Amino acid sequence: KIQEEACGALRNLSINGDNQLRLVQEGVLTALVTLLQSHSAGVREQTIFTLRNLSAHPENKGFMAQNGVISAVVGLLKIVTTEAAVKEQSAVILRNLSSATEGESRIMKEGAVPQLVTLLRSQDDVIQEQAAVCIRNLALRPTNVPSLIAEGCVPPLIVLLRSPQKKVREHSCGALHNLAASGDTGRARVASEGALPPLISLLRDANARVQEQTIGALIHLAASTGATAQDGPSISVRVLQEGGLAPLVELLESSDSHVVTLAAAALRVLSFTKDARASIVTQGAIPPLLRALQSGVGGDRARAHAAATMRNLSTVEGSDSSFLYEQGIGPLVSYLHSNVQTFGSRGSAEADASSGEGGEDAAEKQARDEVVVHVAGVLRNLSFRKDNVERMTADGVVRPIIDLLKTASRSDATAGTEKSRVQAQCECLILLKNLCSSSEVQAQILAEGGVMPIVKLMREGQNVPAAANFDRADSGKGALDTLTVSTLAVAAMRNIALLPQNRLPLAEFGVLPILVGILQQDNYKAQEQASSAIHVFSRDSQTRTLVMQEGAVQVLVPLLSSEVHRIRSEAVSVVRALSADEENIPALTREGAVKYLVKALTDSDTHLVLQTATAVRNLSVREEAKRTLVAEGAVSALSLLLSSEDADAALQAAIALRNISSDVSNLPKIIADGALAKLIHMLESPREAMVEAAAVTLCNACSLEENEASLLSEGALAPLCALLRSPNPVVAEASAGALRNLTASSTARVAVAKEGVIPSLLALLRSPHERAVTQAATALRNLSIDGNSDGRIVSEGGISPLLAVLKNHAWPEAQAAAAATIRNLSVSAENKPKLQAKGALAALMPLLRGGAAPPSSGGDAASRQEDERVQMITAEIQEHASVAVRNLSLDSAQEDKVVEEGGLPSLIAMLKLEKSAEKSAEQALVVLRNLSLTSAGNCKRIAAEGGVRPVLSLLQSTKEELKEHALVIVVAMAEATPDIRSQIVAEGGIKLILPLLTVSEGSSRIHELSAACLRNLAVERAFQSALASAGAITPLVDLVNNSKAGEVIDQAVGALRNLTLHTENETLALQAGVIPAAIQLARSFGGSVQANAIACLRNLSVKEEAKLKIVQGGGLAPTIEALRLHVTGKASESGSSGSGGSAGGVSDTAENTIVTLRNLSSHEYCQGRMVAEGALEPLFEILRARPASGSPYDGHLSLILRNLSAVKGNEERLASAGGSPGALAKALVPLLQSRDKFCQTHAAATLRNLSSLRDCRVALLARETLDILVRACSSAADETQPQALAVLRNLTTPVSSPESSTAVAADGSFAAEKEGEVSRAVTSVIEAGALPSIVGALYAPSASARKEALCTMRNLSLHSAHRRGIIEEGAIPPLWTIASATLVDTNEDEKKQRESEAAGKGRSHTSGMVEDVACALTVLRNLSLTSGQEVRVATNE
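All values derive from a computational prediction rather than experimental measurement. (Residues numbered from 1 in each chain as written. Predicted model: local features only at pLDDT ≥ 70, side-chain atom pairs only at ≥ 80, totals over all residues. Heavy atoms only, no water.)

Regarding the overall build of the chain
Turning to step 1, where the next piece is worked out: When its secondary structure is counted, the chain shows 93 helices and zero strands.
Turning to step 2, where the next piece is worked out: Every one of the 1437 residues in the chain was classed for burial, and the buried ones make up 58%.
Turning to step 3, where the next piece is worked out: In the chain, the share of contacts with a sequence separation of at least 24, taken over all contacts with a separation of at least 6, comes to 74%.
Turning to step 4, where the next piece is worked out: Here the chain displays about 56200 Å² of accessible surface, and carbon together with sulfur accounts for 49% of that area. (Helix = DSSP H or I, 4+ residues; strand = E, 2+ residues; numbered from the N terminus. Buried < 20%, exposed > 50% of the residue type's maximum accessible area, 1.4 Å probe, protein only. Contact = heavy atoms within 4.5 Å. Areas by Shrake-Rupley, 256 points an atom, 1.4 Å probe, with all protein chains shown as cover.)

What follows is the structure in structure tokens.
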């Protein structure tokens, strides 16, 4: 009882605050803690009340916690039977001690939480309240929260939210508030345990403190980023779903400023969630938020929360936020106007020190600055909508923004104030950037002095981080993280520069050097914005120049390889813009931009690829850049890009490839990388620019023949042909150019022609565009090479438009192409009359004198270069025109037209053109050549117009073609008339031609024509000696010996043939070795070469020393072989061009061979060799095949055989010639009937020689043969008669006996063994009617004839059977006349004849007379033996 009373006294004393501290200091706690364990309920009650009172003093709390109070109290609570009053006071003690750090810690250590949770479930409102306050205090330390949650404090706290006691509701909300504020774990558990509905209900609680705690709890719950959001809506959204938004909005109108502030803060937190913003706007939060901003209820803190909430809500787009857009802009701009001047001036340390409120005043000031920042942020977000820009501008937002940007940093400013200033400037810079979508704002900023503060921020803000991570829900729009103030200033400056007229003034403010400097920073955001700004400045040529001058290229190029995609993209855009000026391309190439651009072509960003492709296109116009692009692999990337889904990028790639393809060395790479099929596909694109680029590239690709097959196989022809009728002149020109290049190939020409392209090309000739006409005309030129297409061109009416182009001197290249087409058309014989009918010659003739425009008068290098180009084209036109005239001149029907149109003077004049027009001169020469070959009349006209000298002068040209054509003309003229030959010689032609014969110089064609010239000149005997004297024979022999060309040899030996005709040249010919050369040719060649070679031998074989050389040199064999081939019909027909009458053919060869053999047969050495080498067989065959009317060879053959038959040793071969005995003799007999007395004589002489041979006698004794012989005995030819009589004499003489009387017996008869043979021969002769001719010959004036007749008569008279016939034929009188002749000739003529005949036999003519007398007496003697005839003989009757 005493303890109870004592404790009661202490309880009463402890009610006083001073006593509370003293009691503890006096050490009462130990006793009191002990008494708590008393068995007396009264003692425990008094003790617990005393401890409760003591725990109320702040200074006792820590001491009590450390001295066992908490442990004892917790022990009491663990006893189930503890009295309610004790439990209540225990709860109060724990509540009081939990507010102290030591008490809060000790409570947790003593494990009081379960007892506190139990107390929360008590039915006693006081106990509930005290336990809630205690847990509220414990939850202030985040480390305690897991234990509190684990012990299950949340559910009972949630239950208590519905307590009728406001204090219980307040502290339960407070406890949940603290639990949610501890972190995601606490927030998640509170939310998951179902706290949101009761908390939201409490927003409408009548007690302001309850509202405050409730809003606080919701604020922290809504800030959750924990796991609860993973399985469903976020807590913020759940707050809205549970109806928490409306009461919060309503609380903005509360009269309690603290509640208003918290409600604005809650809405601010909720607005962080994007999904919640639209709902907040829909629930009508914006008007009260605006009123909170304007009214100031809740102070600047409430304004700050309201402004921050509106900033977050301002990101909402659409009709839900229309009130803000329509009604909020004005008040917001107005607020800035009202507060901009004092912004940042209220946060100095000095102001804080002078303020009576200390730190509170500073916080309020900071809040007011924060309001400005958030208002600027709202306007910034709203400015992302373009329709708001006009409203803001109209409300005057630009001015306060500029003023805010001018806010300077203060050295005495607090950290918070400085942060707000930076934040405001950042918001204003972004806002300004967005406002600059209006050109009005862009101009206004410059006009109102807004540039300098931005320039200053660009320069000074490079190391100042932009306001980062202050309350924001708009990080997706213009996020400031990793940004600097300078970066934002650059972005604003970029947009200001979007107005073209601002760029140069901005550059004058020194913007460009700063931008270039920023590019070198490590801050990628800064680099991105700076490169973007430079890109804008690079859009004008003036500022592009300034950008280059500031060295931007050196800094930009490395950024092309930046790891940051946006930087690469902006850098590429700048390079694209700079490359628009061709003078910038070398620097870009030099600094290595190309390799980075090529890599960027394959980027996944289509916009970047488009910018890169455009830059590459720009670079590709310069050769040095083009080479670098190819080397860096741009072709492959561009080829791939052709099939891009981005049509613009594909277009740029196509244009770049077009530029690259202008260098033909790049075309194989373009084709190899697969661009061809894609380009062909582009030809059918609906985009004209793409078609144009593809067409030009394909035009270039077609310039290489190796691409032809690919182009055809990929189907390029059809679209190219279709595009010829494109209204775009570039496309039409490129298509025509592609076809022009393709048709350079014969294969492609056929394919192009099959596409029916000719009408389209002809239509294009009428285009007003020179290049298109030129390409079309050139394509037609190529097509006209084909024999089928040229007819199509004509049939489609192509001549007239071509001639129209031909007459257009203003377009020299087109004119040249048209001239070339006309040239090709003129090749066809079918086209020539059609061309002439359309006036082609009339159009061509002026061009021979120069068809292009006259040179310009400019003196600069460009003008001179153009003059040279025009001159070259003029020469080309002249060339084509001259070729066309040349072709037309080949038509005999057009020859007169060429002359009538005045062609000859022009053509001859062209021969005198300068070296630059050598081709035209050549073609003119060809025309003259054609004319000269057509007729001798044209040769006369050429010579008459003075053409001989210029043609001869061209023989000195260094061009083989010119010399060749000139020589052809000279050959033709030399063949035409003696007068022209004389003119050629007079003009020094021999001296000009002879050097061209040199074997070591010139072509075989030149040698051929030069030799032909000499050959034709040598037709004139007057020039043969001159040519030989000038030294022509030796080089001709050299050509014969050394040339491998048959044509050369033919002409050379032909010339030698003509030269050797002159006897004065024989010695020179022998010395020059003509004979060995001719022999070799006769042996190695046939035809005209062989004929002319043998003709040379023929000409020289008249000279005795030459005969021996020919035979000893082996000339007989080829000569005889040539004759044999002629006989067998195997000789090849061959002529010789320009031979001037000295051509060799088969008959010519035979004649020359026979004449050569004739000449050689007169030489004793040659006679035996000829027979031995087989000459008889072909000679016989000629005789055998001789026509009855005679042969031109008869005389030569008869002389050859006569000469050969006169040589002993040849008899047997002669007798057996022809394959049968006497065949040769029989074949010779018809020659006795020749009209040629020479032939008759030699044939008779040959037969005389052959008739002494036994094998020949049989053939000659044949009746048909004897008939001819007998008639020959009466021949009027002086030499034939004696030879024929000699044949009869031989036939009637025994073969084995010489001509003597020893074979006759004393009775005048033959020996017995010969009697039968001779008798038959005599009988045959008599029967052939020879007696009259023989008797008649006795009267012949020729002594040799009389002698042969006497000898024959002598032989006949030996046969008694025929003596009477002889007498009756009247032989006695002439015999007596001869027998009675004196040895002294009284007839002078007969004397000379006898002397001549005697000299031929090596005897005196006197001995011949004696023989005749003796022979006559012998005949008379024999006749006198005839019975009954003696008197007649004796009386000469």
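Regarding the packing of helix α73 (residues 1087–1100) against helix α75 (residues 1116–1128)
Turning to step 1, where the next piece is worked out: Contact geometry of α73 with α75 gives a least axis separation of 11 Å together with a crossing angle of 130°. The angle between the axes of α73 and α75 places the two elements in the oblique class. Between α73 and α75 the crossing geometry is left-handed. Note on element contacts: α75 touches α73 through P1118, T1119 and A1122, opposite Q1090, I1094 and L1097. (Axes fitted to C-alpha atoms, helices over the stretch in contact; angles between N-to-C directions. Parallel < 35°, antiparallel > 145°, perpendicular 65-115°, else oblique. Left-handed = near helix turned anticlockwise from the far one by under 90°.)

A few points about helix α42 (residues 634–641)
Turning to step 1, where the next piece is worked out: Summarising burial for α42: six of the eight residues are buried, a large majority.
Turning to step 2, where the next piece is worked out: Those residues of α42 that fall on the buried side of the exposure criterion are A634, V635, A637, L638, S639 and L641.
Turning to step 3, where the next piece is worked out: Buried residues in α42 make contact with α39 (593–600), α40 (606–619), α41 (623–631), α43 (647–660), α44 (667–672) and α45 (675–682).

Things to note about the pattern of salt bridges
Turning to step 1, where the next piece is worked out: By the definition in use, this model includes 50 salt bridges.
Turning to step 2, where the next piece is worked out: Where R187 meets D184, a salt bridge forms, and the shortest distance between an N and an O atom there is 2.5 Å. With R187 and D184 both in helix α14 (residues 184–192) and three residues apart, this pair spans about one turn of that helix.
Turning to step 3, where the next piece is worked out: Accessibility expressed as a relative area gives 29% for D184, which makes it partly exposed.
Turning to step 4, where the next piece is worked out: Between R566 and E528 there is a salt bridge, with its nearest N and O atoms 2.9 Å apart. In this pair, R566 is assigned in helix α37 (residues 565–578) and E528 in helix α34 (residues 524–537), connecting sequence segments 38 residues apart.
Turning to step 5, where the next piece is worked out: A single network of salt bridges, built from pairs that share partners, joins R209, E212 and D256. (Salt bridge = Lys/Arg side-chain N within 4 Å of Asp/Glu carboxyl O.)

A few points about the packing of helix α78 (residues 1176–1184) against helix α79 (residues 1194–1205)
Turning to step 1, where the next piece is worked out: Interhelical geometry of α78 versus α79 gives an angle of 140° and a closest axis separation of 11 Å. One finds that α78 runs oblique with respect to α79. The crossing of α78 and α79 is left-handed. Taken together, the residues of α79 that come into contact with α78 (itself represented by L1176, L1179, I1182 and L1183) are L1197, I1200, L1201 and L1204.
Turning to step 2, where the next piece is worked out: Across the contact of α78 with α79, the residue classes tally to eight nonpolar, no polar and no charged. (Nonpolar A, V, L, I, M, F, W, Y, C, P; charged D, E, K, R; others polar.)

Points about α40
Note that an α-helix has 3.6 residues per turn; residues three or four places apart therefore point the same way.
Turning to step 1, where the next piece is worked out: The terminal C-alpha atoms of α40, which comprises 14 residues, lie 20 Å apart, in line with the 20 Å expected from a rise of 1.5 Å per residue.
Turning to step 2, where the next piece is worked out: Residues of α40 that are buried include every one of L608, V609, L610, Q611, T612, A613, T614, A615, V616, N618 and L619, and no others.
Turning to step 3, where the next piece is worked out: In this structure, the buried residues of α40 make contact with α37, α38 (585–590), α39, α41, α42 and α43.
Turning to step 4, where the next piece is worked out: For α40, the N-terminal cap is D605; the gap from its side-chain oxygen to the backbone nitrogen of H607 is 3.0 Å. (Expected span 1.5 Å × (residues − 1). Polar contact = N/O pair within 3.5 Å; in protein donor to acceptor, adjacent residues only side chain to side chain.)

Notes on the packing of aromatic side chains
How two aromatic rings sit relative to each other is set out by the distance from centre to centre and by the angle between their planes.
Turning to step 1, where the next piece is worked out: This model, assessed by the stated rule, comprises zero aromatic pairs.
Turning to step 2, where the next piece is worked out: Positioned above the aromatic ring of F49 is the side chain of R11, whose terminal nitrogen or guanidinium carbon lies 3.8 Å from the ring centre. (Phe/Tyr/Trp six-rings, centres within 6.5 Å; stacked < 30°, edge-to-face > 60°. Lys NZ or Arg CZ within 6 Å of the ring centre and 35° of its normal.)

A word on the environment of V145
Turning to step 1, where the next piece is worked out: Following the sequence through the fold, V145 ends up in helix α11 (residues 145–150).
Turning to step 2, where the next piece is worked out: For the pair V145 and G186, spaced 41 residues apart in the sequence, the C-alpha separation amounts to 6.8 Å.
Turning to step 3, where the next piece is worked out: Setting aside residues no more than four positions away along its own chain, V145 makes contact with A139, L179, S182 and G186.

Describing the nonpolar core
Turning to step 1, where the next piece is worked out: With 457 residues, the main nonpolar core has L179, I215, L379, I454, L515 and L1036 as its most contacted residues.
Turning to step 2, where the next piece is worked out: Ranked by residue count, the leading element in this core is helix α64 (residues 960–976), at 10 residues.
Turning to step 3, where the next piece is worked out: Residues within four places of L179 in sequence aside, it is in contact with A139, V145, L148, C153, V154, L157, G186, R187 and V190. (Core = buried A, V, L, I, M, F, W, Y, C linked by side-chain atoms within 4.5 Å.)

A closer look at the confidence of the model for the chain
In low-pLDDT regions, the fine details of the predicted coordinates are not to be read closely.
Turning to step 1, where the next piece is worked out: Summing up the model confidence of the chain, the mean pLDDT is 83 and the portion of residues at 70 or higher is 88%.
Turning to step 2, where the next piece is worked out: Residue range residues 1297–1304 is modelled with pLDDT below 50. Its contacts to residues more than four positions away, or to other chains, number 10 contacts. (pLDDT = per-residue confidence, 0-100.)

Quick notes on the side chain of T1293
Turning to step 1, where the next piece is worked out: Position of T1293 relative to the elements: it lies in the loop between α85 (1280–1291) and α86 (1312–1327).
Turning to step 2, where the next piece is worked out: Engagement of the side chain of T1293 in a polar contact is seen with the backbone oxygen of R1289, the distance being 2.6 Å.

Examining the environment of L1059
Turning to step 1, where the next piece is worked out: Tracing the chain through its elements places L1059 in helix α70 (residues 1046–1059).
Turning to step 2, where the next piece is worked out: Separated by 45 residues in sequence, L1059 and L1014 have C-alpha atoms that sit 9.0 Å apart.
Turning to step 3, where the next piece is worked out: Setting aside its immediate chain neighbours within four residues, L1059 contacts A1018, Q1024, L1027, A1028, A1032, I1033, L1036 and N1065.

Focus on the side chain of S98
Turning to step 1, where the next piece is worked out: Note that S98 resides in helix α7 (residues 84–98).
Turning to step 2, where the next piece is worked out: Looking at S98, the relative accessible area reads 3%, which means it is buried.
Turning to step 3, where the next piece is worked out: Among the polar contacts listed, one links the side chain of S98 to the backbone oxygen of R95, at a separation of 2.5 Å.
Turning to step 4, where the next piece is worked out: A distance of 3.0 Å separates polar atoms of two side chains, one belonging to S98 and the other to N137.
Turning to step 5, where the next piece is worked out: Each residue touching S98, except ones within four places of it in the same chain, is listed here: G103, E104, I107, C134, N137 and L138.

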